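As a plain string of letters, each chain reads:
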Amino acid sequence: MLWFLRTLTRAAASARQEAAFILRRNQFFLRFAPVLNERQAHALRLLFEQGPERLAVGLSAKSYRKITKTSPATATRDLRALEAAGVVTRMEAGGRSTAYAVQF
């Protein structure tokens, strides 16, 4: 009986965390939808689908290019536009390893 209650408690906590993540994700897209182009929205949706752990890693130009199948110049332009709109911020590492954190 104790095992069942502990398992139920863990499941409820996990469901609560997932619901909070989904709510924050939906609020994010409601807030930023007007400034996202189709490529940007697609890339961000894929990141959110992979969960909070993937979002914590951030988004690099290379990963953005792979997701959107764009040229390096387009990926850089899109990421800079996202940064200017406040959707992402640059992480500390710079240069070729620049990554962007999603602000949600």
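To be clear, the structure that these remarks concern was listed above.
What counts as what
Residues numbered from 1 in each chain as written. Predicted model: local features only at pLDDT ≥ 70, side-chain atom pairs only at ≥ 80, totals over all residues. Heavy atoms only, no water. Helix = DSSP H or I, 4+ residues; strand = E, 2+ residues; numbered from the N terminus. Rg over C-alpha atoms; globule rule 2.2 N^0.38 Å. Buried < 20%, exposed > 50% of the residue type's maximum accessible area, 1.4 Å probe, protein only. Areas by Shrake-Rupley, 256 points an atom, 1.4 Å probe, with all protein chains shown as cover. Lys, Arg positive; Asp, Glu negative; His and termini not counted. Charge placed at Lys NZ, Arg CZ, Asp CG, Glu CD. Axes fitted to C-alpha atoms, helices over the stretch in contact; angles between N-to-C directions. Parallel < 35°, antiparallel > 145°, perpendicular 65-115°, else oblique. Contact = heavy atoms within 4.5 Å. Nonpolar A, V, L, I, M, F, W, Y, C, P; charged D, E, K, R; others polar. Pairing = 2+ DSSP bridges. Polar contact = N/O pair within 3.5 Å; in protein donor to acceptor, adjacent residues only side chain to side chain. Phe/Tyr/Trp six-rings, centres within 6.5 Å; stacked < 30°, edge-to-face > 60°. Lys NZ or Arg CZ within 6 Å of the ring centre and 35° of its normal.

Caption draft 1: Up close: the overall build of the protein. Each helix and strand in the protein was counted, giving five helices and three strands. The C-alpha atoms of the protein give a radius of gyration of 17 Å, which is well past the 13 Å a tight globule of 104 residues would have. Seen along its three principal axes, the alpha-carbon backbone of the protein occupies a region of about 60 × 30 × 25 Å. Taken over 104 residues, the protein has a buried fraction of 31%. As presented, the protein carries roughly 7,100 Å² of accessible surface, and 58% of it is formed by carbon and sulfur atoms. Between the centroid of the 17 positive side chains of the protein and the centroid of its 7 negative side chains there is a distance of 3 Å.

Caption draft 2: Layout of the packing of helix α2 (residues 38-49) against helix α5 (residues 72-84). It is the contact of α2 with α5, at a shortest axis distance of 10 Å, that shows an interaxial angle of 80°. The pairing of α2 with α5 is recorded here as roughly perpendicular in orientation. When α2 is examined against α5, the residues R39, Q40 and L44 are found in contact with a partner set consisting of T74, D78, A81 and L82. Of the residues belonging to the contact of α2 with α5, the class tally is three nonpolar, two polar and two charged.

Caption draft 3: Region of interest: the sheet that holds strand β2 (residues 88-90). Spatial ordering of the open sheet is given by β1-β3-β2, a layout of three strands whose pairing is antiparallel. Looking along the sheet, the strands with just one partner apiece sit at the ends: β1 (59-60) and β2. Sheet analysis places β2 next to strand β3 (residues 99-102), joined by three bridges and oriented antiparallel. Residue pairing for β3: V88 is matched across the bridge by V102.

Caption draft 4: Expanded view of the environment of S71. Among the structural elements, S71 can be located in the loop between α4 (61-68) and α5. Assessed through its relative accessible area of 33%, S71 is described here as partly exposed. The spacing of S71 and A11 is 60 residues in sequence and 43 Å in space, taken between C-alpha atoms. Within the structure, the side chain of S71 is placed 3.0 Å from the side chain of T74, a separation counted as a polar contact.

Caption draft 5: Just the packing of aromatic side chains, in detail. Scanning the entire structure with this criterion turns up seven aromatic pairs. Their ring planes at 90° and their centres at 5.2 Å tell us that F28 and F29 sit as a pair that is edge-to-face. By the burial criterion, F28 is buried, and F29 matches it. Centre to centre, the rings of F28 and F48 are 5.1 Å apart; their planes meet at 45°, and the pair counts as tilted. One end of the pair, F28, is in helix α1 (residues 2-32); the other, F48, is in helix α2, with 20 residues separating them in the sequence. Assessed through its relative accessible area of 3%, F28 is described here as buried. For F48, a relative accessible area of 2% translates into the label buried. Following the ring pairs from residue to residue traces out a cluster consisting of F21, F28, F29, F32, F48 and F104. The ring of F104 carries R24 above its face, with NZ or CZ at 4.1 Å from the centroid.

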